[in-house]
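Fold and geometry: a report
Spelled out, the chains give:
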Amino acid sequence: GDRYVDGQFAFDTGASYYFIGFSSFVRKNKLLTSGFQPESQSTTTSLGKVTPVFTGKCADFKVGDFHLKNMPVSLQAGENWPSKADGSLGVRFISRYNFTINLLEKEIHLVENKRSELPLR
């Protein structure tokens with residue numbers, strides 16, 4: 001839809017997607033029932049759990065000052081995912097940026113890299 005939803009997301013360098021929203025976050029924010037148009041349905045397997053996911057596009061995904069328009073996202077359905085994070089950013093998102101992690105200040109600084117000029121897949 002056309003509303004904004006805030007969340008706390010983890011970086012997952014072992015995941016090949018841009019973003020996945022975990023079940024409890026998806027359910028709490030009614031993301032599958034508030035205008036999201038799934039393009040495909042599949043399952044994801046992690047930590048021995050298999051959950052259904054719906055994949056589509058997010059009109060505007062913002063992290064700090066960076067916006068990605070029409071970014072591919074996956075939204076989990078089914079039972080709650082055992083995580084403190086609301087979702088995770090995968091390697092397709094992460095690889096668009098060079099980043100520095102400042103553990104002392106709990107900050108992540110992103111700088112677009114050359115790959116970020118490539119279109120979203």
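What this report covers is the structure whose coordinates are included nearby.

Criteria and thresholds
- Residues numbered from 1 in each chain as written.
- Predicted model: local features only at pLDDT ≥ 70, side-chain atom pairs only at ≥ 80, totals over all residues.
- Heavy atoms only, no water.
- Helix = DSSP H or I, 4+ residues; strand = E, 2+ residues; numbered from the N terminus.
- Rg over C-alpha atoms; globule rule 2.2 N^0.38 Å.
- Buried < 20%, exposed > 50% of the residue type's maximum accessible area, 1.4 Å probe, protein only.
- Contact = heavy atoms within 4.5 Å.
- Areas by Shrake-Rupley, 256 points an atom, 1.4 Å probe, with all protein chains shown as cover.
- Pairing = 2+ DSSP bridges.
- Axes fitted to C-alpha atoms, helices over the stretch in contact; angles between N-to-C directions.
- Phe/Tyr/Trp six-rings, centres within 6.5 Å; stacked < 30°, edge-to-face > 60°.
- Core = buried A, V, L, I, M, F, W, Y, C linked by side-chain atoms within 4.5 Å.
- Lys, Arg positive; Asp, Glu negative; His and termini not counted.
- Salt bridge = Lys/Arg side-chain N within 4 Å of Asp/Glu carboxyl O.

Of regular secondary structure, the chain possesses 2 helices and 8 strands. The helix and strand sequence of the chain, counted from the amino end, reads β-β-α-β-β-β-β-α-β-β. In terms of C-alpha radius of gyration, the chain reaches 14 Å, essentially the compact-globule figure of 14 Å for 121 residues. Taken over 121 residues, the chain has a buried fraction of 33%. Long-range contacts, defined here as pairs at least 24 residues apart, represent 59% of the contacts in the chain between residues at least 6 apart. A total accessible area of about 7,900 Å² is found for the chain, and carbon and sulfur atoms account for 51% of it.

Turning our eyes to something else, we now look at the sheet that holds strand β5 (residues 66-76). The strand order across the open sheet built from 6 strands is β1-β6-β2-β5-β4-β3, with neighbouring strands paired in mixed fashion. Edge positions in the sheet fall to β1 (9-12) and β3 (40-46), since each has one partner strand and no second. This sheet shows a mean twist of 35 degrees between the axes of neighbouring strands, independent of strand direction. Pairing between strand β2 (residues 19-21) and strand β6 (residues 87-90): 3 bridges, direction antiparallel. Bridged to Gly-21 within β6 is Gly-87.

What follows is about the packing of aromatic side chains. Going through the model one piece at a time under the given rule, you end up with 7 aromatic pairs. Ring geometry for Phe-9 and Phe-19: centres 4.9 Å apart, planes at 85 degrees, overall edge-to-face. With a gap of 10 residues between them, Phe-9 in strand β1 and Phe-19 in strand β2 connect regions that are remote in the sequence. A relative accessible area of 27% places Phe-9 in the partly exposed class. With a relative accessible area of 4%, Phe-19 lands in the buried category. These aromatic residues form a ring-pair network of at least three members: Phe-9, Phe-19, Phe-25, Phe-61, Phe-93 and Tyr-97.

Phe-19, Phe-61, Met-71, Leu-75 and Phe-93 are the most contacted members of the largest nonpolar core, which totals 16 residues. Of all elements in the fold, only α1 (23-28), β5 and α2 (91-94) reach the threshold of two or more residues within this core. Counting residues per element, this core draws most heavily on β5, at 4 residues.

With respect to the helices and strands, Asp-86 occurs in the loop between β5 and β6. Although Asp-86 is buried, it forms no salt bridge, and the closest oppositely charged side chain is Lys-28 at an N-O distance of 4.8 Å. Leave out the neighbours within four places in its chain, and Asp-86 touches Gly-7, Gln-8, Phe-9, Gly-21, Phe-22 and Phe-25.

Assignment of secondary structure puts Ala-59 in strand β4 (residues 49-63). Residues Ala-59 and Ile-101, spaced 42 residues apart in sequence, show a C-alpha to C-alpha distance of 27 Å. In this view, Ala-59 contacts Leu-68, Lys-69 and Asn-70; residues no more than four positions away in its chain are not counted.

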